[in-house]
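# Coordinate analysis (summary)
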Amino acid sequence: MTQHFSAAELAGDAPVAAARDALDAFRSWSGAHSDDIAAHVYRWSSHLPEVLERHRLLNRLRRSLDPGAARAAEQARLRRRALRRHALALGEVPSPEVLDLLTADPRRLPRPAVPVPVDGVGTALERVRFSASLHRVPGLGTLRERMSRLYAALPGEAVASGAMDRAARTIGGVLAVASHDTLGEDDDTAAAHLRRVVPGAYALAVAQAVVDLPAHARHDAHHRLLPHLLTEAEPAEGVPDDPLAEELHAAHVLLLDGFPFAGHRALYRATEVMYLARSRAERRTREDAVRDGGDALLADAVLETGAGAIAATLLGRRNPPAGLLRPHLAAALATRFRHDLLDRERDAVTGRLTTFTLAPRDLDGDPLHDLFAAEAHLVATVFDGDTGVADALARHGAGRLADHLARRAGLVEELLEAHRVTPEIEALLRSAARPSRRGAPSGAVRAARGRARPTAATDPRAFAADRSVFVDAALTRHASGNGARGPRGVLSHSPEGPGGPLRPALALMLVEGAAADPEPLAPLVAAVELFHTGSLALDERASHLAGIALVSGGYGLMARLAATHPPERVVGAMARMGALLGPERLCRGRYLDRALARGEEPAGVAGFLEVYALTASTEIEIALAPTAILLGLPGHEVDLLTAYAHHAGIVLRIRRDLLAGSGADRPTLASAHGRATAARLLAWHRDRAEAALDGLALDTALLRAALDHFATRRV
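In this report, we go over the structure that sits alongside the text. By convention here, each chain's residues receive numbers from 1 onward along its written sequence. Local features in this predicted model are restricted to residues of pLDDT 70 or higher, and side-chain atom pairs are both shown and tallied only at a pLDDT of 80 or more, whereas totals for entire chains, interfaces and linings draw on every residue. Heavy atoms from the whole structure form the basis of all side-chain values; hydrogens and water molecules are not counted.

Before going further, it helps to spend a moment on helix H27 (residues 567-581). Think of an α-helix as turning once every 3.6 residues; residues three or four places apart then point the same way. Each helix is a run of DSSP H or I of at least 4 residues and each strand a run of E of at least 2, with the numbering of both proceeding from the N terminus. Expected span of a helix: the number of residues minus one, times 1.5 Å. Taking 1.5 Å as the rise per residue, H27 with 15 residues should run 21 Å; its terminal C-alpha atoms sit 21 Å apart, in good agreement. Working definition: with a 1.4 Å probe on protein chains only, accessible area under 20% of the residue-type maximum means buried, over 50% means exposed, and in between means partly exposed. Every buried residue of H27 is accounted for by Val-570, Ala-573, Met-577, Leu-580 and Leu-581. What you see down the axis of H27 is that its buried residues fit within an arc of 95°, all on one side. Counted as exposed and oriented over 90 degrees from the buried face of H27: Pro-567, Glu-568 and Val-571. By arc we mean the arc of the directions from the helix axis to the C-beta atoms, nothing more.

Here you go:
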């Protein structure tokens, strides 16, 4: 396959230089074309009356009164949208013939039939238009299945901020390019191309999701893995036990299958440029941005967006043309200002630096003025002043602006006070803020994305990572002086955590399933981690005193529960904890585990199962049983959770044996009695753990997911 676009255009520092050159060219053009910018602002204003008067009920009435006029209006709307999307995605003005093909056949890229979603995936897929031939793709399964995995793996903060919507837009953009690339060809050819492209589109969406994540401790696994995937021709080995890292790895395998590294270096380099641009932006402080000027910040933002668009084009077009960088950077500049305006308030809360969250005095231009200037510049320099493209962009922008300004009273005055704008821009803002007859703005859909992800749709490792913030806070607030060196200090000693601290996460899974408030249980959550870490410290003679201090501190924390829970529950929980930590349970388990480490093999299968139950099962019970008692669950449900803990702990240890194989540094059940016996016992105990959950009257989705992870984990 011949690719006219080469990786050389993205090599070394060339992309950064190209982004700065694009900004310099824009600044020069903007300074010399104030009349063209004013004309484009007037073009936005000219679309406002119709945008503000648009109303679903009126549209229905018009359809019933004049079906022909309604069809014509819908055709015009589709044509405008196709023109805007095609021009932005491909960097060229489609011919009238191409537009006819794009809008003539309603079956081309139809919306998938997606039921009203409860998991956030259906909402995202509603935004993706794809052919019915893509319901199942070799190697991928269905797009819904893959998107569900991504939804479960993402951090909760990413889901709340609209990561699924961005992933859907990424996939939709690639598929739009791919569909345009087969216009006029037979259905079989178009379907074959789309089936090849879909896995690549999904891979780009997953990479984009990782790029969007802040590079802090809870996301290190993803960020450590991504550079390898973008620069190596083979799948990574030793993928971390992290749901998003696993999905990223799976997506990379899909991408390599359809787009081999050697023949598509430009694709991988474009995605790497996107990642590096975002990484530089994440490291840049406000002081850096002030010192270097707003355009240094803007250059990376534009490069990130532009490189993502180039990657989408390289995926969707079979023979990408040369010179993709310039038009995509110009388009990225035009769209970036608008997105940063719409996300201004959220970015200010999260501390993200954009030209709209920096002080105007620290910028090279004014972003509100540049929003219109960049779009006018794009129309003039990339699309040769095409009035159709200009109208399509202006109408879309006017609608988004009106929706944005309708969300909060006083926003226009706030913007005018902060930014230096021309009289025509001020008039546009004031006109756009007038009450419309459309009812709630479409932004209401945007706000709905912030609702919590259902527990049934959450990977337990993602849940643990999300709740580690709560655990950190509980340790900091309640465990100071007990060996907790600030957030993550104690947690760094917790092995086998599925993306976060495992034992406290199990307690919080139970709290979540019982629909209870976790805050009153914060001392217990901190105590569970102290007990676990303290018991590990007791394994080493040199750290016995530290272990005793941690365990003692945990008991002190449990006493604080009397302030928020009935005394009999606190006494019951402390008594249960004492029994679990005592000489007949965890202490004995640690002793037997050390014997295993010395190579002393227990007698028979029962001996191994006893060690596993006294260690892993007891640790799970420490998290669940006292929590259940404090929640006031009936006795039979506490017994069921105890049974779940017993069987789940054995499943966890047997799975670890199977993964260790013949290379284990200690005797294991699998090595002593065979892998077949170990696998059979794992399945039996997994079934028993599932049966225990069946008897509970609370939501057990997370505990079931944790059990599934214990039974199937890869590392």
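Now that the structure has been shown, the text picks up again.
Our next topic: the environment of Arg-477. With respect to the helices, strands and loops of the structure, Arg-477 is situated in helix H23 (residues 460-478). Residue Arg-477 is classed as partly exposed on the basis of its relative accessible area of 41%. Distance in space between the C-alpha atoms of Arg-477 and Ala-522 is 9.0 Å, their sequence separation being 45 residues. Contact between two residues is taken to exist if any of their heavy atoms lie within 4.5 Å; hydrogens are not considered. Residues within four places of Arg-477 in sequence aside, it is in contact with Glu-519, Ala-522 and Arg-560.

Attention shifts here to the nonpolar core. Formed by 123 residues in total, the largest nonpolar core has its most connected members in Leu-154 and Leu-378. If you tally residues by element for this core, the top one is helix H10 (residues 187-212), at 13 residues. Excluding anything up to four places from it in sequence, Leu-154 contacts Val-159, Ala-163, Met-164, Ala-209, Leu-244, Arg-453 and Ala-462. The nonpolar core is taken to be a set of buried Ala, Val, Leu, Ile, Met, Phe, Trp, Tyr and Cys residues, with the residues joined through side-chain atoms within 4.5 Å.

With that settled, the discussion passes to unusual backbone geometry. Positive phi outside glycine occurs at Asp-384, with the angle close to 55°. Relative to the assigned elements, Asp-384 resides in the loop between helix H18 (367-381) and helix H19 (387-405). We classify Asp-384 as exposed; its relative accessible area is 69%. Its identity as a non-glycine residue notwithstanding, Ala-515 has a phi of 55°, on the positive side.

Moving on, we come to the packing of helix H16 (residues 325-342) against H18. The N-to-C vectors of H16 and H18 enclose an angle of 150°; their axes lie 9 Å apart at closest approach. The pairing of H16 with H18 is recorded here as roughly antiparallel in orientation. As for the relative orientation of H16 and H18, their crossing is left-handed in sense. On H18, the residues touching Arg-326, Pro-327, Ala-330, Ala-331, Leu-333, Ala-334, Phe-337, Arg-338 and Leu-341 of H16 are Pro-367, Leu-368, Asp-370, Leu-371, Ala-374, Glu-375, His-377, Leu-378 and Thr-381. Every axis corresponds to a line fitted to the C-alpha atoms, with the helix fit spanning only the stretch in contact, and the corresponding angles, defined between N-to-C directions, vary from 0 to 180 degrees. Working definition: roughly parallel below 35 degrees, roughly antiparallel above 145 degrees, roughly perpendicular at 65 to 115 degrees, and oblique for all remaining angles. Here a crossing is taken to be left-handed if its near helix is turned anticlockwise relative to the far helix by less than a right angle, and right-handed if that turn runs clockwise.

Only rings of Phe, Tyr and Trp enter the pairing, Trp through its six-membered ring, and a pair is recorded when the two centres are within 6.5 Å. The plane angle decides the type: under 30 degrees is stacked, over 60 is edge-to-face, the rest tilted. Applying the stated criterion across every chain, the model contains four aromatic pairs. Taking the centre distance of 4.8 Å and the plane angle of 75° together, the rings of Trp-44 and Phe-372 count as edge-to-face. Here Trp-44 is found in helix H2 (residues 34-53), whereas its partner Phe-372 is found in helix H18, with 328 residues between them in sequence. Of the residues examined, Trp-44 reaches a relative accessible area of 2% and is grouped as buried. You can call Phe-372 buried: its relative accessible area is 1%. Taking 5.2 Å as the distance between ring centres and 65° as the angle between the ring planes, the aromatic pair formed by Phe-531 and Tyr-555 counts as edge-to-face. Here Tyr-555 lies in helix H26 (residues 544-559) and Phe-531 lies in helix H25 (residues 522-537), a separation of 24 residues in the sequence. The exposure class assigned to Phe-531 is buried, which follows from its relative accessible area of 1%. We classify Tyr-555 as partly exposed; its relative accessible area is 26%. Two thresholds decide whether a charge sits over a ring: the Lys NZ or Arg CZ must be within 6 Å of the ring centre and within 35 degrees of the ring normal. Here the guanidinium or amino end of Arg-196 rests over the ring plane of Phe-259, the centre of that ring lying 4.1 Å away.

Glancing now at empty space enclosed by the protein. A cavity here means a set of 1 Å grid points, computed over protein atoms only, where a 1.4 Å probe fits but cannot escape. A pocket is an open set with protein on both sides within 12 Å along at least 5 of 7 lines, and lining residues have an atom within 4 Å of a point. Grid points are joined across faces, edges and corners, and a volume is the space filled by probe spheres set on the points. Counted under the stated rule, the structure contains five cavities of 30 Å³ or more. As a volume, the largest cavity reaches approximately 120 Å³. In terms of lining residues, the largest cavity is bounded by 14 residues, among which Ala-203, Ala-207, Leu-230, Leu-255 and Thr-271 are the most central. Of all the secondary structure elements, the ones that give two or more residues to the lining of the largest cavity are H10, helix H11 (220-231), helix H12 (243-258) and helix H13 (265-283).

Contact geometry of H2 with H19 gives a least axis separation of 8 Å together with a crossing angle of 60°. Comparing the axis directions of H2 and H19 gives the class oblique. By crossing handedness, the relation of H2 to H19 is classed as right-handed. Contact residues: H2 offers His-40, Arg-43, Trp-44, His-47, Leu-48, Glu-50, Val-51 and Leu-52, while H19 offers Thr-387, Ala-390, Asp-391, Ala-394, Arg-395, Gly-397, Ala-398, Gly-399, Leu-401 and Ala-402. For this classification, the nonpolar set comprises Ala, Val, Leu, Ile, Met, Phe, Trp, Tyr, Cys and Pro, the charged set comprises Asp, Glu, Lys and Arg, and every other residue, Gly included, is treated as polar. Grouping the amino acids of the contact of H2 with H19 by side-chain chemistry returns nine nonpolar, five polar and four charged.

This paragraph deals with helix H30 (residues 635-660). Between its terminal C-alpha atoms H30 stretches 38 Å, which fits the 38 Å expected from 26 residues at 1.5 Å a residue. Gly-661, located one to two residues past H30, shows a positive phi value of around 60°.

Let us look at the pattern of salt bridges. Any carboxyl oxygen of Asp or Glu that lies within 4 Å of a side-chain nitrogen of Lys or Arg is treated as forming a salt bridge with it. One pass over the structure, following the stated rule, counts 48 salt bridges. Here Glu-247 makes a salt bridge to Arg-146, at a shortest N to O gap of 2.9 Å. Placement of the pair is Glu-247 in helix H12 and Arg-146 in helix H7 (residues 143-153), with a sequence separation of 101 residues. Residue classification places Arg-146 among the buried positions, given a relative accessible area of 10%. A salt bridge links Arg-408 to Glu-414, with the nearest nitrogen and oxygen atoms 3.2 Å apart. What makes Arg-408 partly exposed here is its relative accessible area of 30%. Accessibility expressed as a relative area gives 29% for Glu-414, which makes it partly exposed. Salt bridges sharing common partners tie together Asp-241, Glu-246, Asp-459, Arg-461, Arg-713 and Arg-714.

Topologically, Thr-615 is positioned in helix H29 (residues 604-631). Residue classification places Thr-615 among the buried residues on the basis of a relative accessible area of 2%. Setting aside residues no more than four positions away along its own chain, Thr-615 makes contact with Leu-586, Gly-589, Arg-590, Asp-593 and Arg-653.

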